[in-house]
Amino acid sequence: MTPRLIALTTILGFAASAVSAEDVNFTSLDVDVSGGISLAEAQAVAPGLTADDFAMYDADGSGELSEEEFASWVAASQSR
């Protein structure tokens, strides 16, 4: 398991979710294959994620996290 996934599991608290930490990555979260992660897709692994929190990482305001925005979310989670 990569350090990023460990941090996500610990900090975002999705260890209790139905998705295992090994399955959490950009591609697996983008269930609709839109090329971005929607709030609903992110909440599938981070149920406590609010729209306001999500918007902080959606830098371009597209309503989805790009791979770069997702990486920022992961990095920020590691620093908490």
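Because the structure is a prediction, the values reported are computed rather than measured.

What counts and how
Residues numbered from 1 in each chain as written. Predicted model: local features only at pLDDT ≥ 70, side-chain atom pairs only at ≥ 80, totals over all residues. Heavy atoms only, no water. Helix = DSSP H or I, 4+ residues; strand = E, 2+ residues; numbered from the N terminus. Buried < 20%, exposed > 50% of the residue type's maximum accessible area, 1.4 Å probe, protein only. Contact = heavy atoms within 4.5 Å. Areas by Shrake-Rupley, 256 points an atom, 1.4 Å probe, with all protein chains shown as cover. Phe/Tyr/Trp six-rings, centres within 6.5 Å; stacked < 30°, edge-to-face > 60°. pLDDT = per-residue confidence, 0-100. Core = buried A, V, L, I, M, F, W, Y, C linked by side-chain atoms within 4.5 Å.

Chemist: Looking at this model, I keep getting lost on the overall build of the protein chain. Mind explaining?
Modeler: A count of helices and strands for the protein chain gives five helices and two strands. Mapped from its N terminus to its C terminus, the protein chain presents α and β elements in the order α-α-β-α-α-β-α. A total of 80 residues make up the protein chain; the buried ones form 38% of that total. Across the protein chain, every contact between residues at least 6 apart in sequence was considered, and the portion connecting residues at least 24 apart equals 47%. Working note: accessible area of the protein chain is about 4,400 Å², and carbon and sulfur atoms make up 57% of it.

Chemist: Help me understand the packing of aromatic side chains in this model?
Modeler: Two aromatic rings are characterised by how far apart their centres lie and by the angle between their planes. This model, assessed by the stated rule, comprises two aromatic pairs. Judged by centre distance (5.8 Å) and plane angle (65°), the ring pair of Phe26 and Phe70 falls under edge-to-face. You can see Phe26 sitting in helix α2 (residues 26–29) and its partner Phe70 sitting in helix α5 (residues 67–79), a full 44 residues away along the chain. Taken together, the ring pairs connect Phe26, Phe70 and Trp73 into an aromatic cluster.

Chemist: For this particular structure, what's the right way to read the side chain of Asp30?
Modeler: Mapped onto the fold, Asp30 is located in the loop between α2 and β1 (37–38). Those residues in contact with Asp30 that sit more than four places away from it in its chain are Gly35, Gly36, Ile37 and Glu41.

Chemist: Looking at this model, I keep getting lost on the confidence of the model for the protein chain. Mind explaining?
Modeler: The predicted coordinates of low-pLDDT regions are not to be read in fine detail. Predicted confidence across the protein chain gives a mean pLDDT of 76, with 68% of residues reaching 70 or more. Within the protein chain, the element-level pLDDT minimum falls on helix α1 (residues 3–11), averaging 44, and the maximum on β1, averaging 97. Within the model, the stretch residues 1–22 combines pLDDT values under 50 with 36 contacts to residues more than four positions away or in other chains.

Chemist: Which parts of the structure should I look at to understand unusual backbone geometry?
Modeler: Glycine aside, the phi torsion of most residues is negative, and most peptide linkages are trans. For Val33, which is not glycine, the phi torsion reads 55° and is therefore positive. Tracing the backbone shows Val33 in the loop between α2 and β1. Exposure remark for Val33: the relative accessible area of 68% places this residue in the exposed category.

Chemist: It is not clear to me how the nonpolar core should be interpreted in this structure. Could you clarify?
Modeler: Nonpolar side chains in soluble globular proteins tend to end up buried together. Counting residues in hydrophobic clusters, the biggest one holds 15 residues, and the most contacted among them are Leu29, Ile37, Ala42, Leu49, Leu65, Phe70 and Trp73. At the level of elements, α2, α4 (51–57) and α5 are the ones that each hand at least two residues to this core. With four residues, the single largest contributor to this core is α5.

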